[in-house]
Amino acid sequence: MSAPSLVDRVRARLAVEDREPSRAGVAALVREEAGGLLGDDDVLVAVRDAVDELAGAGPLEALLRLPDVTDVLVNGPDQVWLDRGAGLERVPGVRFADDDAVRRLAVRLAGSVGRRLDDAAPWVDVGLPGGVRLHAVLPPVSGGGTCLSLRVLRGRSRSLDELAAQGTLPGGSGALLRAVVDRRLAFLVTGGTGSGKTTLLSALLGEVGAGERLLLCEDAAELRPRHPHVVRLLTRPANVEGAGAVGLRDLVRQALRMRPDRLVVGEVRGAEVVDLLAALNTGHDGGCGTLHANRSAEVPARLEALGVAAGLGRAAVHSQAAAALDVVVHLRRGPAGRRVDEIGVLGRRGELVVVEPGWRADGGPCPAAGELRRLAGVP
């Protein structure tokens, strides 16, 4: 009896069931079908292969298990890419039979967590069991075929000391960031996609005193601070009738009623910016979050765009931001990896908010260096 025939029999049994196959269910069926004819080692191999194919990510499962992989991307049946922290690499040895196979995998993964993916709902963004975030788009929205993006959310967070050892905190940036947290300054961690914003924010939250209560508001459970008192609130999409959605703005409002010592928004990207700025202006010191931005100097424009879209006037956005936020920590991803590129201080220039460099990795001019040291209490 070979493992492939065993997988075929398990697949046939699953085909008559109404529910999505679970890992535990597939493993139980493999053991049942093996019927004692395979040794313990062979059963373990057969279970792993069957779970990967029938309840896991199929041919992508082995890539997701690689220790340093952060993203696995599928642009077509024979276009599989991964990122191990040094840029995208094509994986020539992994391919699908055709686009229908890619689509079946996407539909099954979405269905495993109760989400719909079909011609009427041609995209999905959802967290999967095991710490993987799935984004999938079906044709014709994706013109070249089904596209899959799998982001690996590592269960183990890193401390500031570990990030420093990896080169993420060059020069004196580590000491400054610890002081920012200790002084309960409100800050944003900014950077491009994959620059390490969530990793750094998790590490910074791990520096918060054990007696403080962290309230995390996120789309997916990405932040994993090493802290004894963490309360996590997660968004929820609408159901097939279009009802029941819970957005980040809803979570921020609820978090404010749950006695937060630190209010954290995993990613500020919409109307929740209004409630976050309001909260940080009403006694909730030490709040923080991440924000996509190409440069720290562009943060005020990003906040303005989000706030105006949510109904807040331009002047009000800048006034609220100036009073609510103290520091911007900007990350950049380069050939040598991810690292803190700049620590900026928010200030006013007329009626507008600006971010002035207080520390730079390249040693360039820092007009706000004195203000940053004053805020952080560093001589």
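Scroll up to find the structure.
Now for a quick tour of the structure.

What counts and how
- Residues numbered from 1 in each chain as written.
- Predicted model: local features only at pLDDT ≥ 70, side-chain atom pairs only at ≥ 80, totals over all residues.
- Heavy atoms only, no water.
- Buried < 20%, exposed > 50% of the residue type's maximum accessible area, 1.4 Å probe, protein only.
- Helix = DSSP H or I, 4+ residues; strand = E, 2+ residues; numbered from the N terminus.
- Arc of directions from axis to C-beta.
- Contact = heavy atoms within 4.5 Å.
- Axes fitted to C-alpha atoms, helices over the stretch in contact; angles between N-to-C directions.
- Parallel < 35°, antiparallel > 145°, perpendicular 65-115°, else oblique.
- Left-handed = near helix turned anticlockwise from the far one by under 90°.
- Core = buried A, V, L, I, M, F, W, Y, C linked by side-chain atoms within 4.5 Å.
- Pairing = 2+ DSSP bridges.
- Polar contact = N/O pair within 3.5 Å; in protein donor to acceptor, adjacent residues only side chain to side chain.

**Notes on helix α12 (residues 314–324)**
Listed as buried for α12 are Val317, His318, Ala321 and Ala324. One side of α12 carries all its buried residues, which in axial view fall inside an arc of 140 degrees. Opposite the packed face of α12, turned more than 90 degrees from it, sit the exposed residues Ala315 and Ala323. Contacts made by the buried residues of α12 are with α10 (272–280), α11 (299–309), β13 (337–349) and β14 (352–360).

**Thoughts on the environment of Leu150**
Along the chain, Leu150 falls in strand β6 (residues 147–152). For Leu150, a relative accessible area of 1% puts it in the buried group.

**Description of the packing of α10 against α12**
What describes two packed helices is the angle between their axes and the distance between those same axes. Their axes nearest at 8 Å, the elements α10 and α12 cross at an angle of 45 degrees. Classed by the angle they form, the pair α10 and α12 counts as oblique. α12 is crossed by α10, and the crossing has left-handed handedness. Side by side, α10 and α12 meet where Leu277, Ala278 and Leu280 of the first sit next to Val317, Gln320, Ala321 and Ala324 of the second.

**A closer look at the nonpolar core**
Counting 32 residues, the largest nonpolar core has Cys217, Val299, Leu303 and Leu325 as the members making the most contacts within it. When residues of this core are traced back to their parent elements, those giving at least two are β8 (214–218), β9 (230–234), α9 (248–255), β10 (262–265), α10, α11, α12 and β14. The biggest single contributor to this core is α10, with six residues. Not counting chain neighbours up to four residues away, the residues in contact with Leu303 comprise Leu188, Val273, Leu291, Val317, Ala321 and Leu325. Counting residues in hydrophobic clusters, the runner-up holds 31 residues, among them Leu169, Phe187, Val208 and Val340.

**Remarks on the packing of α11 against α12**
Two elements in contact, α11 and α12, have axes whose closest approach is 9 Å; the angle formed by their N-to-C orientations is 125 degrees. In terms of axis orientation, α11 runs oblique to α12. The two elements α11 and α12 cross, and the hand of that crossing is right-handed. The residues of α12 that touch α11, namely those facing Pro300, Leu303, Glu304, Gly307 and Val308, are Arg314, Val317, His318 and Ala321.

**Concerning the environment of Val181**
Note on placement: Val181 falls in helix α7 (residues 173–182). Spatially, the C-alpha atom of Val181 lies 9.7 Å from that of Gly206, the residues being 25 residues apart in sequence. In this structure Val181 touches Phe187, Leu204, Glu207, Val208 and Arg262, once residues within four positions along its chain are discounted.

**So, the sheet that holds strand β7 (residues 187–191)**
Spatial ordering of the open sheet is given by β9-β8-β10-β11-β7-β12-β13-β14, a layout of eight strands whose pairing is mixed. Both outer strands of the open sheet, β9 and β14, are each paired with one neighbouring strand and no more. The sheet shows a mean angle of 25 degrees between the axes of neighbouring strands, taken without regard to direction. Bridging between β7 and strand β11 (residues 288–292) involves five bridges; their strand directions are parallel. For Thr190, the partnering residue across the bridge sits in β11 and is Leu291.

**Brief notes about unusual backbone geometry**
Cis geometry marks the peptide bond from Pro139 to Pro140, where omega comes out at 5 degrees. For Pro140, the location among the structural elements is in the loop between β5 (132–137) and β6. Unusually for a residue other than glycine, Arg184 sits at a positive phi of about 60 degrees. By the element assignment, Arg184 lies in the loop between α7 and β7.

**Here we look at the environment of Glu162**
Position of Glu162 among the secondary structure elements: in helix α6 (residues 160–165). A relative accessible area of 24% places Glu162 in the partly exposed class. Put simply, Glu162 and Ala203 are 41 residues apart on the chain and 9.1 Å apart in space, counted from C-alpha to C-alpha. In terms of polar contacts, Glu162 uses its side chain to reach the side chain of Arg226, at 3.0 Å.

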